[in-house]
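# Residue-level structure breakdown
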Amino acid sequence: MSLAAGNSAHRPLGRRDFLKMSALAGAVAAGGGVPARATSAPATSAAPDVSAANRAFGAPYQGRQLDRVAFPLGGIGSGMICIEGSGSLSHASLRHHPDVFNEPCAFAAISIAGPQRIARVLEGSVPTWKLFGAPGTARGGEGKPYGLPRLATATFRARFPFAEIDFTDEQLPLGVRLVAWSPFTPPDADDSSLPVAALEYEFVNHTAAPVEAVFSFHAADFFTASDKSAREVRRVPGGFVLRAQPTSDAPWLEASFAACVDEPDTRVDAAWFRGRFRDWLPIVWNHVESGACPDQPPHATSTPSRGASLYVPLRLAPGARRTITLRLGWHVPRSKLRTDRIHVLAPPVPYEESGCYQPWYAQRYRDIDAVLADWRQRYRELRSASDRFAACLHDTTLSPEVLEAVTANLAILKSPTLLREQAGRLWAWEGCKDDSGSCAGSCTHVWNYAQAIAHLFPSLERSLRESEFGPSQDEHGRQNFRTSLPIRPPEEATVAAADGQLGGIIKFYRDWRISGDTDWLRRWWPRVRQSLDYCIATWDPEGKGLIEEPHHNTYDIELWGPDSMATTIYLGALSAAIEIARALGDDAARYTQLLAAGGERLRTVLFNGEYLHQRVVWKNLRAKNPAEAAHGQVTVSPEWRALVEESGPLHQYGPGCLADGVIGAWFARVSGLGDIAEPDLITSHLRAVYRHNLRRDLSDHANPQRPTYAVGREGGLLLCTWPRGDKPPLAFPYSDEVWTGIEYQVASHLIMTGHVAEGLDVVRLCRARYDGRVRNPFNEYECGHWYGRALSSYALLQAMSGARYDAVTQVLHLQPPCTGDFRAFLCAATGFGLVGVRDGRPFLDVRAGRIPLREIAYTPAAGGPRFSSLSS
């Protein structure tokens, strides 16, 4: 039995499963695999309480698992609304920044005629956490529809980009189902960036008598209470628009939200009752309970109502089925958002639109009416395209935990983490705070890990390269690792980030192979080469093939002396540059020499016989004494300086076992560069990470840093451990934490090197933390919600299928890690489809667009588990 088999029968993992995994991993070790040491998973430790969730990976969410479910809807960079596990709307973030606690009073309802009229909000139970401790609950949750009757139970299924909720209620003669979605049509970026969402309410009459009912949707002001702009309500065909008006000194306040249906008998109430104490909500509910369908134009006076309603009378014959499609759209054409390398700046005075971020969709749609017209006209087309993608993505025989990890994190692409400039270029935060972006500038070292956009929307990914090597790179080749917004040259220089800048070179190679656009590569190659030459001169001036001088990195510190994380990325960049130079007829002799020297020194300088580490060096370098070269230190205390002068640079990891210590080798593999160092060194390091850093129970683990990512009886992969002792008294910040983006990076790398069982083990422990009870399954967070690094999970598709399409050569490389038949999703720059092995023969089945194919280079697995044992 494989490690996956314990969960493949759609039952939850329990303590015995995890102990079996450890035992099997030990058995694998006898054949050169990963030994399971008691230090990392003692038999006496308590396993995570996964069984209490009562949910298999890929299965629906129900009961307490619904509590934290919030599934993003919206387009790439267009703003977001979430559909919760109960069916309610929340996280309304339409003004180009996250607004996590903006839960407008917006709800659908059904009112059924009969001897005793039945009225229900079309949602399940309100999660108990909202009743105490959430914003506003100390005042009783005024203005929230929590106290209105609602449906008895809800069951939530995710089929990205669709969320499907089935409701039950014994008192209701109708069956109710909700499908929520927004367009997602890879590789078409434009149709995937629309400011729209849809809620499809399906009703089925299960009785032997006809049912008379009224469907309604009600929305109070959709924008936050802190926004003091004037409001207006107006009717449009089949619905209404809520609009915040701009002012002369704040034009960015203009915003519109709309809801409408295509039903001939629709009535719209744009004149809600105006009174005190939020009197509009009792009056609205009176209408629902009585089955009334008021049809009123907006108030004639200057004081508008607080919202609007639409009503659709229904009559369902016995056994009949009817769907009401509620189309939502929004239009916020301006912002006051402007950043430098990391800080959010005040807008220019007087306000100039060109000096602040403007969304891409604003140049496509002049106003909300244009959004609604296009949404109505192309609804079926966009739904069909999105459904075709979803059907192909989910038509897989890969392990359910892999599919769940990949698809759940695609929600990041619909979150406020991403923005899309008016010219169409992508820009990103690292993640989202509750009410603002977290860490600006498409941070190169964070987005090194993300693989999804490069494959699903290659044109958007290439726009990131053009920002990094364009306005963010100076005449010397030095890059700001954070791009300013609007995208422009930085207003001041900062320290460069070695892992981010070198990683960009690997990404350039990857994006060329995905796109097949050699003209694009040729055009940018001088800037790429300039960047690499800067990196060599700055961090490897002695030409050793090691990154040695102090170098800034994703851990927000400078590492002093050579380390395997930065050095393997360096070797990957050298390898990429060699391949690019050869393709363009350029000289790469120097890069070839450095690559050979670095590969040799990995073994002789950084390998301790078990794993690769850091050799801390701060003397005889070109850099200043570490006490004088403290990047990012706001204040340097006397005790800090004394400790540095006594023991050298702080925040290092030295002899530690770093989880992403060979990330450059992973990066090279997923980019099509193959091995950039001796495979046995890389494999040995990965085995050590699995052995030492994977903890199934963190109860005894001390984490004085940021504990909420994984804590207590939960399991996870620690960023760094010190198996041989000698942990620095002040190791690098975050070292005791668990980051999902690195968990998926390590897991996919393990699978690529033949350690399928161990890789799936890491994935399961990670996703077990995101089961809906404590954390949102569609919001893996790190330094913010919807954190970009978690898009490393997309590499699990490539790892498990072994499939990589090269558009330059039009060759599909297929090297699966398991034996037997399988099928999996594959996306190229011009289309997508299914790839796999059928009856022992490789195949590519194109489902959308086209994927030109000259050859399938198929290398069957020599051994290992069978695919059927992982997903049966």
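In case you missed it, the structure is sitting above this.
Within each chain, residue numbers correspond to sequence positions counted from 1 in written order. Where totals are concerned, whole chains, interfaces and linings use all residues; where local detail is concerned, this predicted model gives features only for residues with pLDDT of at least 70, and gives and counts side-chain atom pairs only at 80 or more. In computing side-chain values, all of the structure's heavy atoms are included and hydrogens and water are not.

## As for the overall build of the protein
Our working definition: Counting from the N terminus, the helices are DSSP H or I runs at least four residues long and the strands are E runs at least two residues long. Each radius of gyration is computed over the set of C-alpha atoms, and the globule rule expresses the reference value as 2.2 Å times the number of residues to the power 0.38. Two residues qualify as a contact provided that any one of their heavy atoms is within 4.5 Å of a heavy atom in the partner residue. Charge assignment in this entry is limited to Lys and Arg as positive and Asp and Glu as negative, and neither His nor the chain termini are counted. By convention, the point assigned to a charge is CZ for Arg, NZ for Lys, CD for Glu and CG for Asp.
Looking only at helices and strands, the protein features 21 helices and 33 strands. On C-alpha atoms alone, the protein measures out to a radius of gyration of 28 Å, which is about the 29 Å that the 2.2 N^0.38 rule sets for 872 residues. The contacts of the protein with a sequence gap of at least 6 include a subset with a gap of at least 24, amounting to 71%. When the 92 basic and 94 acidic side-chain charges of the protein are each reduced to a single mean position, those positions are 3 Å apart.

## Describing the environment of Ser256
Here is the rule we go by: Only protein chains enter the calculation, and the probe is 1.4 Å; a residue is then buried if its accessible area is under 20% of its type maximum, exposed if over 50%, and partly exposed in between.
For Ser256, the location among the structural elements is in strand β14 (residues 255–260). We classify Ser256 as buried; its relative accessible area is 5%. Remark: the alpha-carbon pair of Ser256 and Arg823, spanning 567 residues in sequence, is separated by 44 Å.

## Focus on the nonpolar core
Inclusion rule: Nine residue types can take part in a nonpolar core, namely buried Ala, Val, Leu, Ile, Met, Phe, Trp, Tyr and Cys, and a core is a set of them joined through side-chain atoms within 4.5 Å.
Judged by nonpolar contacts, the single largest core of 236 residues is most densely connected at Phe203, Phe215, Phe217 and Leu456. With 12 residues, helix α13 (residues 564–584) is the largest single contributor of residues to this core. Among residues more than four places away in sequence, those in contact with Phe203 are Ile110, Leu122, Leu174, Gly175, Val176, Phe215, Leu314, Leu316, Ala320, Arg321, Arg322 and Ile324. By size, the runner-up hydrophobic cluster in this structure holds 13 residues, among which are Ala119, Leu281, Val284 and Val288.

## Side note on the sheet that holds strand β28 (residues 803–806)
Rules: When DSSP finds at least two bridges between two strands, those strands are taken to pair. Here an angle of 0 to 180 degrees is reported between the N-to-C directions of two axes, which are lines fitted to C-alpha atoms, with helices fitted over the stretch in contact.
Pairing in this open sheet of three strands is mixed, and the strands run β28-β29-β33 from one edge to the other. Either end of the sheet is taken by a strand with one partner, and the two such strands are β28 and β33 (855–858). Ignoring strand direction, the axes of neighbouring strands in this sheet form an average angle of 20 degrees. Across four bridges, the pairing between β28 and strand β29 (residues 811–814) is antiparallel. Opposite Asp806, over in β29, you have Val811 as the bridge partner.

## Details of the side chain of Gln473
Applicable threshold: We define a polar contact as two N or O atoms separated by no more than 3.5 Å, with the added condition that, inside protein, one atom must be a possible hydrogen donor and the other a possible acceptor, whereas residues neighbouring each other in sequence contribute only through side-chain atom pairs.
Inspection of the secondary structure assignment puts Gln473 in the loop between α10 (458–468) and α11 (498–515). Judged by its relative accessible area of 5%, Gln473 falls in the buried class. Side chain to side chain, Gln473 and Gln479 meet in a polar contact 3.0 Å long.

## Things to note about the pairing of strand β32 (residues 841–849)
Sheet topology note: the strand β31 (residues 831–838)/β32 ladder contains eight bridges and is antiparallel. Bridge pairing links Leu834 to Asp845 in β32. Where β31 folds back on β32, the antiparallel hairpin that results is connected by two residues, among which Asp839 adopts a positive phi of roughly 55 degrees.

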